[in-house]
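Residue strings, one per chain:
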Amino acid sequence: MRAFGTLGSSRRYYLARYRHLKSIRDDRWREWEGKHLETPGTPLATDFPHRASLVAIGYVALEDFEGATVDELLEAGLTLAASRAAIAAAAAARI
């Protein structure tokens, strides 16, 4: 998880742990995914760019993008265009 951006919130920390443990096939990932999903957040709008792809990799709330970078989303498996669009949409939603 070299490219993971800022971990300024518990939600971001739980997301990072969940994604890392899942990537190394450590069964504890389920525990961290649960913590991540139990932490309050603003769900992504149904028309959020690339929403299905983002949900599939664990980005389910606007707060998951606080401190996120394009490199982080690229490492998670999104395309460059999708990563840029998601970061821009999250920034616009917070304004």
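The coordinates are above.
Quick caveat, the model's predicted, so the values are computed rather than measured.

Quick notes on the rules
- Residues numbered from 1 in each chain as written.
- Predicted model: local features only at pLDDT ≥ 70, side-chain atom pairs only at ≥ 80, totals over all residues.
- Heavy atoms only, no water.
- Core = buried A, V, L, I, M, F, W, Y, C linked by side-chain atoms within 4.5 Å.
- Buried < 20%, exposed > 50% of the residue type's maximum accessible area, 1.4 Å probe, protein only.
- Helix = DSSP H or I, 4+ residues; strand = E, 2+ residues; numbered from the N terminus.
- Contact = heavy atoms within 4.5 Å.

The next subject is the nonpolar core. In terms of nonpolar packing, the biggest core is built from 20 residues, with F48, L54, Y59, F65 and L73 touching the most fellow members. Elements with a minimum of two residues in this core: α1 (10–23), α2 (29–38), α4 (70–76) and α5 (80–94). A per-element tally of this core places α5 first, with four residues. Not counting the four nearest positions on each side in its chain, L54 is found in contact with L44, F48, P49, Y59, F65, L73, L78 and A86.

Time to look at unusual backbone geometry. Unlike most non-glycine residues, R25 shows phi in positive territory, near 60°. Structurally, R25 is set in the loop between α1 and α2. On the basis of relative accessible area, R25 is assigned to the exposed category, the value being 76%. Positive phi is not limited to glycine here, since H50 has a value of about 60°. You can see H50 is positioned in the loop between α2 and α3 (51–56).

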